[in-house]
Structures are given as C-alpha cells and as structure tokens.
Amino acid sequence: MAVIETKNLTYTYPGGTKPSINSVSIKVEKGEFVLITGPSGCGKTTLCRCFNGLIPHFYQGELKGEITVADMDTATHETHAMAKSVGLVFQNPENQLFALSIEKDVAFGLENLGMPREEMRERVDWALKLTDIYDLRERSPHEVSGGQQQRVAIAAVLAMQPEIIVLDEPTSFLDPLSAEKIFEVIHELNKKLGITVVLVEHRLDLTAKYADHIIIMDEGKVCFDGNPREILSTEETRLIGVGIPKATLLYHILQKEGVKLGDVTPLSSEELAKLLQEAFETK
Amino acid sequence: MIEVENVHFRYPNGVEALKGVSLVIKNGEFVAIMGQNGAGKTTLVKHFNGLLKPSEGVVRVNGVETTKTSVAALSRNAGFVFQNPDHQLFSETVEEEISFALKNFGFEAETIEKRITWALNLLGLAQYRKTSPFLLSGGERKRVALASVLAWNPETLILDEPTIGQDYQQKEKLRQFIVQMQTQGKTVVIVTHDVEFVAECNPRVLLMKEGAVVADGEGREILTDPEVLVQSSIVLPQIAQIFLKLAPLGLPKNVIDVYEAKEIVLKALEKRRK
C-alpha cells in the first residue's frame, strides 16, 4: 500500500522562473526506507516540503499535479492536520526549534495532540534517550551545538511516532559516529515499528545500506527510482554527481578488472569485505 | 604561519572549550581539524582570524599576536567561512553578498566586477548572480558564503564544514580548488566530519577531543587507526574499514584511496594464484 503517491507533481516557488520540481511521479510503500539523493539544488528539499503540506500552505507558489500522503490530499489538508501522520526534520535545525527548553520542544507536538501527561512524559523521555540528549533536556535548544540541535529536531519528530518520518539531511552537523548511531535508531524504528522513512542524503557511504528504495533527482526531475543495488550499479548515477559508496565503487572497479565477486552489488564496507575474504579464500 | 602556544579558552558561561592547545600551521599547508561535536574545533579556528582571543596562551598569525591587532586586519589575510551559511549571508542578491567585503577592503570597481565573475564561475553560481541568497538551496547558500570569501583572495582560508549539503561533484571541485590554493602557497584549514572527503584529499589531520589535540599526522595514518578515531567519535573511511577486515589475510591496513585499494587487491589475488 502506498503511503505517499505523487502524479506529475510540479511546483514553482513564488517569484521563481522555473519549477523546482517538475513532473515528479513517485510511490512510497508503507514501511519502506526510501533514500532521496541528487545534486545540490535538484529539488530534494522542495519535494520533502510537499510531503507534509508546507508546500503549498506555507510557501504558497504554484503546485500542479496530484499528491496523496497518508490518504490525505495535501492541497486540502492543512499542515497541522498532517502533523500527526507525517513528521519532517528540516535541514537547518534552527528553523525548527523555538521552545525555552529542549524538553518542551520535544513535548510540543504531543501537547497539541492532547496526550495525557503521564503518557507524554514517557514518550518525551523515550525520544530524548533514543537521541542521546536526555541529560540536556533542561537546556535551551538555542545554546547547544548545531549537532545537538539536530538531535532535538529528530527527537521532537520521533516523539510523535508518526506513520511517516521525512528527514532532510538530518545529521549534517553531527560527527560521524553520532550520525551513524542516529541512522541506526531510525533504521530500527523503521524495522520494529514499521514507520515509513524518507531520508534525503548526499552521503550514501553512511546511508545506502539502510535503503530498500532509492530515488535520484536531477534538475527537478526523477531520473532513477528503484532498488539501490541495481541503481547504484549504473555508470550514469556517478555522472550526475551522486557520490556512490566507496565500497560499491571499488566493487565495480574490481569487476571491470575481471575480479569475480558475485552478482549482488555491495552497499557497505562489511558487504564488500566479506566478498573479498571469500575471493581470497577460494583462490 | 599560524602559531598556537598553550592556548586555553573559556566562554563567558565558564565552559573551558580549549585546554592547552599548541600547534604550528606553516604557510602552504592543508590541514583538516576533526573530532566529535563539542571538541573545540570551531573555537580553535576562530582564534586564527582573531574572532576569539585566548583566555591564556598566545596565538600569532604571521608573527603578530592576535591580541595586538584587529579582526579587520586579520580577516584580510584569513578568510573564514562559517558552518551555517545563514550566519553569514545578509545581502539582497548573491552579487551584493560577494561584493560586500571587496568594497570594504577598498578594491576598485573594475577589480570587484572581475572577482565576482571569477568566484561565481568557480563555484557554479553564475546563473544566480541577481538572485536572493535566501531563495537558494542549503548547498547553494553554502557555496555563496564560500564565494564571498574566495573573492578577496585571502592568504589563509578557514572553512568550517565546507562539504555539508554538497553533492559529489561540488566536493570534487572543492578538492581541486584546495589543491590549486596549495600550489599557490596558500594555507587551507578545514573543520570537518566528512571522513570520505578527507580520505580523498589526504591532508595533515589534527584530531581533537575535549578541548585538546589528541593526534596530529598524515591523513592516511590517522584515518586508518581505529583506536585513535573512536575516542574522537570518527568512523573509518569505507576503504579503511575494508582493509582493516582484510588485514588478517596479510594486506596492508593504511589504505584510504579507492584506486590504490584496487592495485593492492589485484596484486594480492595475483600472488595467491601463483
């Protein structure tokens, strides 16, 4: 069952001369982990803003085509009505945080749902612990580092346990180990709770291994859409500026040199290391 | 040359962000400062152009103590690009943004015009010359911030997280640009979490932890040492991860480059076959 579906979705920002996304038709199935990538300025962030109705309700502009998210038409459902089903983590956490304490920021969405106090307390603590900011809960979100602010923005969305989580480069300010831990948490929620995840990322080295489905955009259009192992095997993805994982790249280079490593394209260092170990042991 | 001698820095709220840092960055060096969030990386580089002054110890830039000169004078030599472009951008158009510093430094109109065109072309922003920076994507705004600093051609370039939001081609252009800066004898200091970018550039790496420098050396040595990296919350680059796992088969551990990795694997397989 598709939880996000767009048909010929085209959007132009107010005052824009050309559409930022152009005839985008995609389908995201329930429970999928979808990775959206593509060159800087290709329309990834714009597409995410359509998923929770920020486009067209907040950004105005001209939206054409069809879009349904969690059975709602975003053109007729306001952003607040969608908030329960779709959580969006912005690229820049400063655009998202506003409360006087981190804890209050994380609780804000739940308060609006009218959740009982005890249950809210549990949910907030759960989200703060998952993102490793429990000890910071009484600090102001504006006095912590950029990386910690990103954790707060993620916690606020996780606390809502929405059906769909959309994350736009959510860990760009975090150190690599912290980023990896956050992606692990998101992956686990995806697998255990069946939450659909849409992740926008340039760093496929860190994220390709989690994805069931990859969408690559360029100049506002979708140019690849499907299985990450198949799509990242093609030369064309590299040409449009997609930084495929180094392990995947090394696999291709070795295959070209005649080293047989099997037909399943590896997406992580673990997978390629295993293939190489096998190659060494059989020789 | 940047000389840092036993520098301590305390923020007004009492947090000691630097706890006795000493290092020397020579002219023409390319240095990547890495380490976990809150390790003091940004605090340290803000001392290089006098934005922050040490609470204890001394920072000298080209022999002059930063406490004895102005940020304005230091900025002419050391251009700083912030982590978050929104902390830096304020003009109505990309063109005005880039011309701002050039005007302040007293460049002539003709030179300003040439520099703007050069910087915009270099960073693939020519089509946005008359656009408001705030209509651009996150990655594009980051490049506008970079263009505005490159335009005045400082001797030292300090880039805080330059690869955030940049796609592979933009990163490759940035890498080539840094190499070009180095051949002109310029100093480049980057603060970054991007291990794959550092692996491709192989600069000198300074690893920080809790306000101190815990490792200092060639990228390929530091990025392939899991014990050192884990204490700074850094993950090994993918190629290094693969070679760490292959080490029991007798392959070298300190490999970070894809093409070098290919040669090593091919040779090792050849040897096995014989």
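In this text the structure is predicted, and so the values were computed from the model without any measurement.

(A) Examining the packing of helix α4 (residues 102-113) of chain A against helix α5 (residues 117-130) of chain A more closely. All names here are of chain A. Between α4 and α5, whose axes approach to 10 Å, the crossing angle comes to 130°. With respect to α5, the element α4 is oriented oblique. For the pair α4 and α5, the crossing hand works out as right-handed. Where α4 approaches α5, its residues Ile-102, Glu-103, Val-106, Ala-107, Leu-110 and Glu-111 are matched on the opposing element by Met-120, Arg-121, Arg-123, Val-124, Ala-127 and Leu-128. Among the residues forming the contact of α4 with α5, the class breakdown is eight nonpolar, no polar and four charged.

(B) How the structure looks around the pattern of salt bridges. Evaluation of the coordinates by the stated rule reveals 29 salt bridges over all chains. Glu-271 of chain A is the salt-bridge partner of Arg-229 of chain A, the closest N and O atoms lying 2.9 Å from each other. Linking Arg-229 of chain A in helix α9 (residues 228-231) with Glu-271 of chain A in helix α12 (residues 269-282), this pair joins segments that are 42 residues apart in sequence. Across the salt bridge formed by Arg-129 of chain B and Glu-113 of chain B, the nearest N and O atoms sit 2.9 Å from each other. Pair noted here: Arg-129 of chain B is in the loop between α4 (109-122) and α5 (138-150) and Glu-113 of chain B is in helix α4, with a separation of 16 residues, a long-range link. Among the ionic contacts, a cluster of salt bridges with common partners joins Glu-103, Arg-121, Asp-125 and Arg-137 of chain A.

(C) Representation of the interface of chain B and chain A within the structure. Tallying the contact residues gives 45 residues for chain B and 46 residues for chain A. Applying the counting rule to chain B against chain A returns two salt bridges. Glu-257 of chain A is the salt-bridge partner of Lys-262 of chain B, the closest N and O atoms lying 3.4 Å from each other. Of all the secondary structure elements, the ones that give two or more residues to the side of chain B that touches chain A are α5, α6 (168-183), α7 (195-201), α10 (238-246) and α11 (258-273) of chain B. The element that contributes the greatest number of residues to the side of chain B that touches chain A is α11 of chain B, accounting for ten residues. Class assignment for the residues of the side of chain B that touches chain A results in 18 nonpolar, 16 polar and eleven charged.

(D) Expanded view of the domain arrangement of chain A. Residue and element names in this part refer to chain A. We note that the domain assignment places domain 1 (1-85 + 162-237), domain 2 (98-160) and domain 3 (245-283) within chain A. Relative placement of domain 1 and domain 3: their C-alpha centres are 30 Å apart. In this complex, domain 1 contributes nine residues to the contact, which on the side of domain 3 involves twelve residues. Buried surface at the junction of domain 1 and domain 3, summed over both partners, amounts to about 860 Å²; 55% is from carbon and sulfur atoms. Its largest share of buried area at the contact with domain 3, domain 1 owes to Asp-205, Lys-209 and Arg-229, together 58% of the area lost on that side.

(E) A look at the nonpolar core. Residues Leu-261 and Leu-272 of chain A together with Ile-242 and Phe-243 of chain B are the most contacted members of the largest nonpolar core, which totals 75 residues. In contact with Ile-242 of chain B, not counting residues within four places along its chain, are Ala-247, Ser-269, Leu-272, Ala-273 and Leu-276 of chain A. Leu-89, Tyr-128, Leu-150 and Leu-159 of chain B belong to the second largest nonpolar core, which has 50 residues in total.

(F) Summary view of the sheet that holds strand β11 (residues 221-226) of chain A. All names here are of chain A. Reading across the sheet, the six strands line up as β7-β8-β9-β4-β10-β11 and stay open at both edges, with mixed pairing between neighbours. Unpaired on one side and paired on the other, β7 (86-89) and β11 mark the two borders of the sheet. Between one strand and the next, the sheet's axes are offset by a mean angle of 15°, whatever the strand orientation. Helix α1 (residues 44-51) rests against β4 (33-37), β7, β8 (164-168), β9 (196-200) and β10 (213-218) of the sheet, and its axis sits at about 140° to β4. Each of β7 and β8 is contacted by helix α6 (residues 146-159), which is oriented at about 175° to β7, the strand it contacts most.

(G) Looking closely at the domain arrangement of chain B. Residues and elements named next belong to chain B. Structurally, chain B comprises domain 1 (2-90 + 154-234) and domain 2 (237-274). For domain 1 versus domain 2, the separation of C-alpha centres amounts to 31 Å. If you look at the interface, domain 1 gives ten residues, while domain 2 gives nine residues. Among the residues domain 1 hides against domain 2, the three largest losses belong to Ala-199, Arg-220 and Thr-224. Together they make up 56% of the total. Where domain 1 meets domain 2, there are one salt bridge. A salt bridge links Arg-220 to Glu-260, with the shortest nitrogen-to-oxygen separation between them at 3.0 Å. Among the elements of the structure, α7 and α8 (219-222) are those that each provide at least two residues to the side of domain 1 that touches domain 2. Each residue belonging to the side of domain 1 that touches domain 2 can be placed in one class, and the counts come to four nonpolar, three polar and three charged.

Here is what the cut-offs are and how they apply
- Residues numbered from 1 in each chain as written.
- Chains lettered and ligands numbered in written order.
- Predicted model: local features only at pLDDT ≥ 70, side-chain atom pairs only at ≥ 80, totals over all residues.
- Heavy atoms only, no water.
- Axes fitted to C-alpha atoms, helices over the stretch in contact; angles between N-to-C directions.
- Helix = DSSP H or I, 4+ residues; strand = E, 2+ residues; numbered from the N terminus.
- Parallel < 35°, antiparallel > 145°, perpendicular 65-115°, else oblique.
- Left-handed = near helix turned anticlockwise from the far one by under 90°.
- Contact = heavy atoms within 4.5 Å.
- Nonpolar A, V, L, I, M, F, W, Y, C, P; charged D, E, K, R; others polar.
- Salt bridge = Lys/Arg side-chain N within 4 Å of Asp/Glu carboxyl O.
- Domains from an automatic or database assignment.
- Buried area = accessible area lost by both parts, 1.4 Å probe.
- Core = buried A, V, L, I, M, F, W, Y, C linked by side-chain atoms within 4.5 Å.
- Buried < 20%, exposed > 50% of the residue type's maximum accessible area, 1.4 Å probe, protein only.
- Pairing = 2+ DSSP bridges.

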